[in-house]
Amino acid sequence: MMYADPPAPREKETDEVPPISSAGPLDIPQRAWEFNPDYQRLVVAWNTVLPQLETLKTALDKAYGLAKSPQTWDAPVGERYIQDIHEWRTRLAAYRHAVLTTISDEAADTPRWIPTSANAPHAFP
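Since the model is a prediction, treat every value here as computed from it, not as a measurement.

## A few points about the overall build of the chain
Working step 1: Scanning the chain from terminus to terminus reveals two helices and two strands.
Working step 2: Each helix (α) and strand (β) of the chain, taken in turn from the N terminus, gives the series β-α-α-β.
Working step 3: Scored against the burial criterion, the 125 residues of the chain give a buried share of 26%.
Working step 4: A separation of at least 24 residues holds for 83% of the contacts in the chain among residues at least 6 apart in sequence.
Working step 5: Counting every atom, the chain has about 9,100 Å² of accessible surface; 60% of that belongs to carbon and sulfur.

Okay, structure coming up:
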């Protein structure tokens with residue numbers, strides 16, 4: 001069973017700006033925004049775990065391909081190993097889907113930008 005990867009959390013783009021905080025310059029309070037460190041943590045987690053999962057998948061795919069080759073097994077016992085590797089591949093696909101979905105779901109529920117008081121304009125310092 002193959003799973004499609006859920007949407008990945010997006011890196012902060014170089015020209016990305018925070019949301020507009022007020023309708024005019026005299027509206028109170030004006031807010032400064034920062035890219036949410038919790039969202040950035042999810043971007044890093046995705047970018048860290050995805051290559052590791054790909055490495056595992058590639059290794060199992062290679063082992064499965066070798067196991068299915070008639071040059072590898074000439075005895076009936078080989079079919080058991082092929083079934084075992086197939087089961088590992090299935091479990092890895094389910095695990096990959098669960099991990100990536102968890103990161104993606106948390107990213108969907110985490111704001112990209114959060115208000116901060118740093119560098120916000122103040123009438124009286």
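There's plenty left to go through after this.
## What about the side chain of Ser104?
Working step 1: With respect to the secondary-structure elements, Ser104 resides in helix H2 (residues 78-109).
Working step 2: Residue Ser104 is classed as buried on the basis of its relative accessible area of 9%.
Working step 3: Discounting chain neighbours no more than four positions away, the residues touching Ser104 are Pro6, Pro7 and Trp46.

## Quick word on the nonpolar core
Working step 1: In this structure, Tyr39, Val49, Leu53, Ile85, Leu100 and Ile103 are the most contacted members of the largest nonpolar core, which totals 18 residues.
Working step 2: Those elements that provide at least two residues to this core are helix H1 (37-68) and H2.
Working step 3: No other element matches H1, which puts nine residues into this core.
Working step 4: Apart from the residues lying within four places of it in its own chain, the contact partners of Val49 are Val99, Leu100 and Ile103.

Conventions used here
- Residues numbered from 1 in each chain as written.
- Predicted model: local features only at pLDDT ≥ 70, side-chain atom pairs only at ≥ 80, totals over all residues.
- Heavy atoms only, no water.
- Helix = DSSP H or I, 4+ residues; strand = E, 2+ residues; numbered from the N terminus.
- Buried < 20%, exposed > 50% of the residue type's maximum accessible area, 1.4 Å probe, protein only.
- Contact = heavy atoms within 4.5 Å.
- Areas by Shrake-Rupley, 256 points an atom, 1.4 Å probe, with all protein chains shown as cover.
- Core = buried A, V, L, I, M, F, W, Y, C linked by side-chain atoms within 4.5 Å.

Geometric values such as these leave the question of function open.
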